[in-house]
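An overview of the molecular structure
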Amino acid sequence: MAKLDGKVAVITGASSGIGEATAEALAAEGASVAVAARRKDRLESLSQRIEGNGGRVLTVECDVTDEGQAHDLIRQVERELGRVDILVNNAGVMLLSRIDKSLSDEWRQMFDVNVLGLLYATDAALEVMKRQQSGHIVNISSVAGRVTNPSSGVYSGTKFAVNAISDGLRKENVDDHLRVTVIEPGAVATELTEHISDDEAKDAIEGMVNRMDPLQSEDVANAIAYAVTQPARVNVDEILIKPTDQA
Ligand code: NDP
């Protein structure tokens, strides 16, 4: 019997990178997976791969910055898959720039997706998990949730917020036996940097990543799979995972 047989996992931002790899990893452990993001076509091809490997999958087009859509995602998963055991709040954007570049639309977008989107999905999932008296919320933070650098101040601010929210969430829900884990990856080779509009910041981060052997999405997915396959008495609070050659 696989470790997550009978469990239902929801993964936001599953159309690429870490979210996509996590959906495949949790499905391989036996979970039914609900994969959510805005790019439906990417979700469909992921879904076909998971089903081809014998997995059960539900695809949901969802913009997590819309509170109603984030709540509907969780409701739809409970309705169609019966439960919500694991929520991986992975959807995120990293629009790096110095603060004096005044890219305020990008500040808003980062807080909307990385912080508020996470809260909206969590809010709806908590209601289900409290009823179940079990559940596990995994929040994808970052090394940037512990340290900040020029051009990453605002992005780091969102990830510091993810860490604080996760700690509060875990403490608030111990009596309901809910688990909360924060994952803090270093550099991972994904599409994340492609959306950076500020050339100076984009060149700097891509140069840094090119000088190392970055993590692959599967490496982070394995860390998430580790956290969610522990016995119910075990809460893995935090996993910091970096490329070997990242200082
Ligand atoms: P990707 O760009 O590959 O994935 C980001 C995902 O977020 C996509 O699936 C995207 O889907 C989704 N997303 C973005 N905006 C929204 C939205 N409004 N609603 C729903 N989904 C959204 O990057 P990664 O896999 O690297 O990023 C995943 C997480 O990992 C992020 O939280 C990121 O901050 C974190 N992280 C990444 C690191 C790295 O080096 N790559 C390091 C540390 C942390 P779509 O566009 O289809 O909606």
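The paragraphs below set out a description of the structure included in this document. The shown structure was predicted, so the numbers you read here are calculated from the model rather than taken from an experiment.

Side note on the sheet that holds strand β6 (residues 178-185)
The seven strands are arranged β3-β2-β1-β4-β5-β6-β7 in an open sheet whose pairing can be described as parallel. Either end of the sheet is taken by a strand with one partner, and the two such strands are β3 (57-61) and β7 (238-241). Taken over all neighbouring pairs, the strand axes of this sheet differ in orientation by 15° on average, direction set aside. Pairing of strand β5 (residues 135-140) with β6 involves six bridges; the strand directions are parallel. In the strand pairing of β6, Ile-137 is matched with Val-180. With respect to the sheet, helix α7 (residues 217-228) is in contact with β4 (86-89), β5, β6 and β7, its orientation differing from that of β6 by roughly 160°.

Brief notes about the site of the ligand
Looking at the ligand, there are 29 residues lining it, with Ser-15, Arg-38, Arg-39, Tyr-155 and Thr-190 nearest. Contact between the ligand and Arg-38: an oxygen atom at 2.7 Å from a side-chain N or O atom of the residue. Asn-90 places a main-chain nitrogen or oxygen 2.9 Å from an oxygen atom of the ligand. Protein contacts shield 95% of the accessible area of the ligand, which totals 870 Å² for the unbound molecule. Of all the elements in the fold, those that place two or more residues in the shell around the ligand are α1 (17-28) and α5 (153-172).

Focus: the packing of α1 against α7
Direction vectors running N to C along α1 and α7 enclose 50°, while the axes themselves pass 8 Å from each other. Relative to α7, the element α1 is oriented oblique. Here α1 and α7 pass one another in a crossing that is right-handed. Two secondary-structure elements touch here, α1 through Gly-17, Ile-18, Ala-21, Thr-22, Ala-25 and Leu-26 and α7 through Ser-217, Glu-218, Val-220, Ala-221, Ile-224, Ala-225 and Val-228. Tallied by class, the residues present in the contact of α1 with α7 amount to nine nonpolar, three polar and one charged.

Considering the pairing of strand β2 (residues 32-37)
By the criterion of burial, β2 is predominantly enclosed, with six of the six residues buried. Neither face of β2 is exposed, since Ser-32, Ala-34 and Ala-36 on one face and Val-33, Val-35 and Ala-37 on the opposite face are all buried. Direction of pairing for strand β1 (residues 8-12) relative to β2: parallel, over a ladder of five bridges. The residue bridging Val-10 from the neighbouring strand is Ala-34, located in β2.

A short note on the nonpolar core
Ranked by size, the top nonpolar core spans 40 residues in total, and within it Val-10, Leu-73, Ile-74, Val-77 and Leu-87 carry the most contacts. Of all the secondary-structure elements, those providing two or more residues to this core are β1, β2, β3, α3 (67-81), α4 (104-132), α5, β6 and α6 (199-210). Among the elements that make up this core, the one with the highest residue count is α4 (eight residues). Once residues within four sequence positions are removed from consideration, Val-10 is found in contact with Ala-34, Leu-73, Ile-74, Val-77, Val-84, Ile-86, Leu-87 and Val-88. Judged by nonpolar contacts, the second largest core, of 32 residues, contains Ala-9, Leu-46, Val-88 and Val-220.

A closer look at the pattern of salt bridges
Counted under the stated rule, the structure contains 20 salt bridges. Its salt-bridge partner being Arg-49, residue Glu-24 comes within 3.3 Å of it at the nearest N-O pair. Separated by 25 residues along the polypeptide, Glu-24 in helix α1 and Arg-49 in helix α2 (residues 40-52) bring together distant segments of the chain. Among the salt bridges present, the one from Arg-131 reaches Glu-78, with a minimum N-O distance of 2.7 Å. Here Glu-78 lies in helix α3 and Arg-131 lies in helix α4, a separation of 53 residues in the sequence. For Glu-78, a relative accessible area of 22% puts it in the partly exposed group. Three or more residues are tied together by salt bridges with common partners; here these are Asp-167, Arg-170, Lys-171 and Asp-237.

Reading the values: the criteria
- Position labels on residues start from 1 in each chain and follow its written sequence.
- Reporting in this predicted model follows two pLDDT cut-offs: at least 70 for local features of residues, and 80 or more for side-chain atom pairs to be given and counted; totals over whole chains, interfaces and linings ignore these cut-offs and use all residues.
- Computation of side-chain values covers all heavy atoms of the structure but excludes hydrogens and water.
- DSSP bridges decide pairing: two strands pair if at least two such bridges lie between them.
- Starting at the N terminus, helices and strands are each numbered in turn, a helix being any DSSP run of H or I of at least four residues and a strand any DSSP run of E of at least two.
- Every axis in this analysis is a line fitted to C-alpha atoms, fitted for helices over the stretch in contact. Angles between the N-to-C directions lie between 0 and 180 degrees.
- The contact criterion used throughout is that any non-hydrogen atoms of two residues lie within 4.5 Å.
- Summary of the distance rule: residues count as near a molecule or strand when at least one heavy atom falls within 4 Å of that molecule or strand.
- Think of a polar contact as two N or O atoms within 3.5 Å of one another; within protein, one of them needs to be a possible hydrogen donor and the other a possible acceptor, and neighboring residues in sequence only count if both atoms come from side chains.
- Only the protein chains shown count as cover for residues, and the accessible areas themselves come from Shrake-Rupley with a 1.4 Å probe.
- For classification purposes, angles smaller than 35 degrees are called roughly parallel, those larger than 145 roughly antiparallel, those between 65 and 115 roughly perpendicular, and all remaining angles oblique.
- With the far helix as reference, a near helix turned anticlockwise by less than a right angle produces a left-handed crossing, and one turned clockwise produces a right-handed crossing.
- For this scheme, ten residues count as nonpolar: Ala, Val, Leu, Ile, Met, Phe, Trp, Tyr, Cys and Pro. Four count as charged, namely Asp, Glu, Lys and Arg, and the remainder, Gly too, count as polar.
- The cut-offs for exposure are 20% and 50% of the maximum accessible area for each residue type, with area from a 1.4 Å probe on protein chains only; residues under the lower value are buried, those over the upper are exposed, and the others partly exposed.
- In this text, buried Ala, Val, Leu, Ile, Met, Phe, Trp, Tyr and Cys residues form a nonpolar core when linked through side-chain atoms within 4.5 Å.
- A carboxyl oxygen of Asp or Glu within 4 Å of a side-chain nitrogen of Lys or Arg is what we treat as a salt bridge.

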